[in-house]
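# Analysis of the macromolecular model
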2 protein chains.
Amino acid sequence: MLAEIITIGDEILIGQVVDTNSAWMAKQLNLIGIRVKQITSVSDDADHITEALKLAEKRADIILMTGGLGPTKDDITKITLARYFNMELRRDQATLDHVTDIFTRFNRPMIDMNRKQADVPDGCTVIQNKNGTAPCMWFENQGRIIVSLPGVPFEMMYLMEEEILPRLQQAFKMPAILHKTILTAGIGESFLAVELEEIENSLPAHIKLAYLPKLGQIRLRLSGSGADEELLSKEIEHYVQLIINKAGKYVVIDQDIALEKALLTIMQERKLTLSTAESCTGGHIAQLITQHPGCSAVFAGGAVTYSNALKMSVLGVKASTLDAHGAVSEQTVKEMALGAIHQFKTDYAVAVSGVAGPDGGTEQKPVGTVWIAVATKQNVTARMFNFSGRRLQNIERSAVAALTMVLNELKQDVA
Amino acid sequence: MLAEIITIGDEILIGQVVDTNSAWMAKQLNLIGIRVKQITSVSDDADHITEALKLAEKRADIILMTGGLGPTKDDITKITLARYFNMELRRDQATLDHVTDIFTRFNRPMIDMNRKQADVPDGCTVIQNKNGTAPCMWFENQGRIIVSLPGVPFEMMYLMEEEILPRLQQAFKMPAILHKTILTAGIGESFLAVELEEIENSLPAHIKLAYLPKLGQIRLRLSGSGADEELLSKEIEHYVQLIINKAGKYVVIDQDIALEKALLTIMQERKLTLSTAESCTGGHIAQLITQHPGCSAVFAGGAVTYSNALKMSVLGVKASTLDAHGAVSEQTVKEMALGAIHQFKTDYAVAVSGVAGPDGGTEQKPVGTVWIAVATKQNVTARMFNFSGRRLQNIERSAVAALTMVLNELKQDVA
C-alpha cells in the first residue's frame, strides 16, 4: 500500500516554517504498514496543487494533503479539490454548527468569511475537526483515497490518530497492527543487537524488532500484525518479557516516554526526591525535568553553578579542592553532588562539571571532558565521559548521561 | 528565477528524520531573490530520483538536491546523475586527496568503498566539501543549473553559504542583495508597524522591510537589491538609523542574534554580571544563556528553586512571605531576585515564579500567571504576566519576558 503526502503553503516554500507534519504523518503511516512514496510541498496555487495531485494519483493509492484550508483568500485547497473532482460546493450544516459554536464560545463576531468554512465539495465525506474550524475532507476516486487535512499540527495529528488512520485500515482491510516500545539507555546499538540476537532470530515473521537510537538511548520497538488483536497483544507481551529478562540491565522502562519522564515516574513510585547541581549543562537537566507536569513531586530544584565562586558558596565545594583538582574533576563533581544532597535535602542529587567548548579545553582535559556524580544520603559515585563534540551536543549528551547514571543508581538501590 | 529542492533519502519518507534542510535552503535562496517553486522528498531509488529530476527541470531554472551521497550501496544519487546526464564516472584526484587526508587524520583504515567517494560524473564541476567526504557536484544543462549536495546539515549549510549561493548569483548575473536585521522585544507586531508606518512608506522600491515575529520578539529585516553594493549598504544603514531613532525603546540590538546572546553582548561590553532564580521556568533561562560560548564572562549561575523549601534555604525568601502571598506573587519573586543578588554576588539578577500548568491554577492565579522580578544592587522591580498558554509555551514566554525585562533595566541604567 503506497501513500503520498502533499503539503500546501507558501510559508513552507519561503522557509518560514519547517514542515514537521510530513515526518510525523509518514511515521504514523509506516506504523500501520503504509509506505510513503513521496512527499511534495507546493505553493498556494491552484494549478500547482492540481498538477501535484495528478502526478501523485499515478504513483500512490492514498494521498494525504495538508494546509490551505483557512478562511482567507490565499487558502484555495478546497475550491481546487472541488474543481479537480468536478464537484459543487455545498454548505455543510454540521460544520456550520460547529464553527458557530466555536465563535459563540470565544465571544467573537462571525462574518461571512467564517461561514464559508462550512462549504465543502458535495461528493466528499466530511470529518469534523474538533480542534479547529476547517473540516477534514475525504474523497474516493477510482479505488484511491484522497484526504485533505488542516495544516495546523495539533489539528492534523488529532484527526490522523482518531479518524484517518483507523478509516484507512478499514478501507483497505488491513490487519491489526500493534506496537510496544522499551526504552533502554547506557548501551550502544551494536552491543544491544548482539545481546538480543537470539531473541530477534526467534521472532515469528509477523513480529519485527526495530532499534531507534537517539543520543545514548535506544528505543526497542516490537511491531506485530495479525487478524486476532488479542492474540497478537499476548504474543508481543511474551517477547517484551524475553527482552526485559535478557537486557534488563539497560532497560529503563517499558513505555515510549522521554528518559527524564521515565526517571520521574520511577522516583515518584518510590517516593524519592531529586536535586541537580549543574555547571557545563547550565540548567539543561533541570529544564528537561521541569518540562513535565507534576515533576514537583520528585524534583525540588537545583543550582546552576557556572562560576567557581557559586560552586563554593551555594554547594560548599572547598576552595582547596578547586585549587588542587580544578572545576572539571572527580573531586569537585563529588563535592557538588554531596553539596546538593546537603543543601537541598533530597534523596538523590546529580552533579555535572565539564568542558562544553568550544573554548576552555586543555591537553589533559580537552573539550568534551565531562565529570558526572550521583549522590545519595549514603554514598557518592562519579564517572568521567569524553564526548568531544560541539558545545550543544556535549551539553545534550552530558544531560542524557547524568539521567542514565541516576537511573542506574536507582536500580542498584533496589538490588 | 525559480528553484526546486529535491531531498533524497528513505529516512525522510519513513519519518525517521524531519527534513530541516529544505526550509533552511529555501530561506537562503529567497534572501538572494530566488523563489522556490516546489520541494520534493524521494526515496533512494534511481527511477524515482530520475523522474523527480525530469519533472523539476520542466518547472525550474535551478535544482538543488541533497542526500544519497554516502559511501554505502543505498546511496545512489551520484550514479543516477551520471546516467541522467549521460556521463562516465572518473576518479577526481583532489577529492581523493581530501578523503585520504581525513582518514589519515582520524587514523582510520581506508577501504575501496571510501576511495569511491572520489568518483564523479566526468562532465560536472566538483566543489570540495571541507566538512565531509562526499563532494558537491555542479551540473549545467541547457541553461539550467543542477547541484547535488550532501544531506548532512552542517556540510550542506557550509557549501551553500560559501560556494553555491555566490556561484548562483554570479551565474545568473543577479544584483547585489543586502540584509540588515534589527532585534526588537516587548512590543506587538501591529503596534510596531504603526510606529514605523511613515518610515516604511518612505522606503524606495528596491528596499523592503519585513517583520519576523517570534514569541515576544520581532526581527525587523531591511532587504535591498542594487547594482552598486557600497551605495546600497549606505542606503540601508540610513534606514536602520531612522528605525532605531523612532523605535529605540524596543530595539534590543542591530544584529541578527538570539535575545539572550544580545543580552550577553550588551552586559559583557559594560562588564556586568548576571544570575538567575527560576521557579516555573525550571532552568530554561540559564540553559538559554549557557548555550552560548563565552557566557561565563557575564553569567555566574543561578538557582532552580522549584520547591518552597529551596526558595527559602537557597534564596532566603521568608516563610512569612510565602505564607502570606504564596510562591507566585510580587513579594516572593522580589525576594527571590534580591536573594540571588545577595547570594550570588552579581550586578543583576532575574527571578521568575509562575503557574506553568496544566495543574496548579486557581481562580485568583490561573495557569499562565507569572511574576518576574529584576534586581540590581540598588533596586528591584517586578511585573505580572498572563500568558495562559500550554505548559511549554508558558515556560518559553516567561523566559523571553524575563530576558526582555533585564534588557529594559539595562537601558534605564544608562539613561
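Since we're looking at a predicted model, the values are computed, not measured.

### Describing the overall build of chain A
Each helix and strand in chain A was counted, giving 16 helices and 17 strands. In terms of overall dimensions, chain A has a C-alpha envelope of 80 × 55 × 40 Å along the principal axes. Of the contacts made within chain A by residues no fewer than 6 positions apart, 66% connect residues no fewer than 24 positions apart. Carbon and sulfur atoms make up 51% of the accessible area of chain A, which amounts to about 18400 Å² in all.

### Digging into a positive patch on the surface
Taken together, the side chains of Lys-54 and Lys-58 of chain A together with Lys-54 and Lys-58 of chain B define a basic patch exposed on the protein surface. Looking at the positive patch, the elements that each hand over two or more residues are α3 (46–59) of chain A together with α3 (46–59) of chain B. Inspection of the secondary structure puts Lys-54 of chain B in helix α3. The exposure class assigned to Lys-54 of chain B is partly exposed, which follows from its relative accessible area of 49%.

### Some details on the domain arrangement of chain A
Domains assigned within chain A are domain 1 (2–171), domain 2 (176–253) and domain 3 (259–414). Domain 1 of chain A and domain 3 of chain A are separated by 46 Å when their C-alpha centres are compared.

### Looking at the interface of chain B and chain A
Of the residues lining the interface, 56 residues belong to chain B; the matching set on chain A comes to 56 residues. Carbon and sulfur atoms supply 59% of the area that chain B and chain A bury against each other, a total of about 4200 Å² over both sides. Our enumeration of links across chain B and chain A arrives at two salt bridges. Two residues, Glu-51 of chain A and Arg-59 of chain B, come together in a salt bridge whose shortest N-O distance is 2.7 Å. For the interface between chain B and chain A, the tally reads 21 residue pairs in polar contact (both at pLDDT 80 or more). For the side of chain B that touches chain A, the class distribution of residues is 26 nonpolar, 23 polar and seven charged. Pairing of strand β14 (residues 299–305) of chain A with strand β14 (residues 299–305) of chain B, which is carried by five bridges, proceeds in the antiparallel orientation.

### Quick word on the pattern of salt bridges
As a working rule, side chains carrying opposite charge can pair if their charged atoms are close by. The tally for this structure, following the rule as stated, stands at 24 salt bridges over all chains. For Asp-347 of chain A, the salt bridge goes to Lys-377 of chain A, with nearest N and O atoms at 3.2 Å. Residue Asp-347 of chain A is found in the loop between α15 (330–344) and β15 (348–354), and its partner Lys-377 of chain A is found in the loop between β16 (369–376) and β17 (380–386); the two are separated by 30 residues along the sequence. Judged by its relative accessible area of 21%, Asp-347 of chain A is partly exposed. Linked by salt bridges that have partners in common, Glu-4 and Arg-59 of chain A together with Glu-51 of chain B make up one network.

### Some remarks on the relation of the copies chain B and chain A
For the pair chain B and chain A, the best superposition has an RMSD of 0.4 Å and corresponds to a rotation of 180° with a translation of 0.4 Å parallel to the axis. This pairing of chains is accounted for by a two-fold axis. The residues that chain B uses at the interface reappear at the interface of chain A in 100% of cases, marking a shared surface.

### Overview of the UniProt feature "domain: MoaB/Mog" (unreviewed entry) in chain A
Cross-referencing UniProt, the feature "domain: MoaB/Mog" (unreviewed entry) maps to residues 4–171 of chain A in the present numbering. End C-alpha atoms of residues 4–171 of chain A are separated by 17 Å, and the span's content is 43% helix alongside 23% strand.

### Side note on the sheet that holds strand β2 (residues 35–42) of chain A
Judged by pairing direction, the sheet is mixed, and its 12 strands sit side by side in the order β6(A)-β7(A)-β8(A)-β3(A)-β1(A)-β2(A)-β2(B)-β1(B)-β3(B)-β8(B)-β7(B)-β6(B) without closing on themselves. Two strands bound the open sheet, and with one partner strand each, they are β6 (125–127) of chain A together with β6 (125–127) of chain B. The average angle at which neighbouring strand axes cross in this sheet is 15°, direction not considered. Pairing analysis gives five bridges linking strand β7 (residues 136–141) of chain A to strand β8 (residues 144–149) of chain A, with the strands arranged antiparallel.

### Considerations on the pairing of strand β11 (residues 217–226) of chain B
All names here are of chain B. For β11, a buried count of eight out of 10 residues is recorded, marking the element as mostly surrounded by other parts of the structure. The pairing of strand β9 (residues 176–185) with β11 spans 10 bridges and is classified as antiparallel. Bridge pairing in β11 links Thr-184 to Ile-218. Two elements, strand β10 (residues 207–214) and β11, share eight bridges in a ladder whose sense is antiparallel. For Ile-207, the partnering residue across the bridge sits in β11 and is Gly-224.

Conventions adopted
Residues numbered from 1 in each chain as written. Chains lettered and ligands numbered in written order. Predicted model: local features only at pLDDT ≥ 70, side-chain atom pairs only at ≥ 80, totals over all residues. Heavy atoms only, no water. Helix = DSSP H or I, 4+ residues; strand = E, 2+ residues; numbered from the N terminus. Contact = heavy atoms within 4.5 Å. Areas by Shrake-Rupley, 256 points an atom, 1.4 Å probe, with all protein chains shown as cover. Patch = residues over 30% accessible without salt bridge, like charges linked within 9 Å, V, L, I, M, F, W, Y side chains within 5 Å. Salt bridge = Lys/Arg side-chain N within 4 Å of Asp/Glu carboxyl O. Lys, Arg positive; Asp, Glu negative; His and termini not counted. Charge placed at Lys NZ, Arg CZ, Asp CG, Glu CD. Buried < 20%, exposed > 50% of the residue type's maximum accessible area, 1.4 Å probe, protein only. Domains from an automatic or database assignment. Buried area = accessible area lost by both parts, 1.4 Å probe. Polar contact = N/O pair within 3.5 Å; in protein donor to acceptor, adjacent residues only side chain to side chain. Nonpolar A, V, L, I, M, F, W, Y, C, P; charged D, E, K, R; others polar. Pairing = 2+ DSSP bridges. Least-squares fit on C-alpha atoms with pLDDT ≥ 70 in both. UniProt positions renumbered as here; feature names shortened; annotations may be inferred. Axes fitted to C-alpha atoms, helices over the stretch in contact; angles between N-to-C directions.

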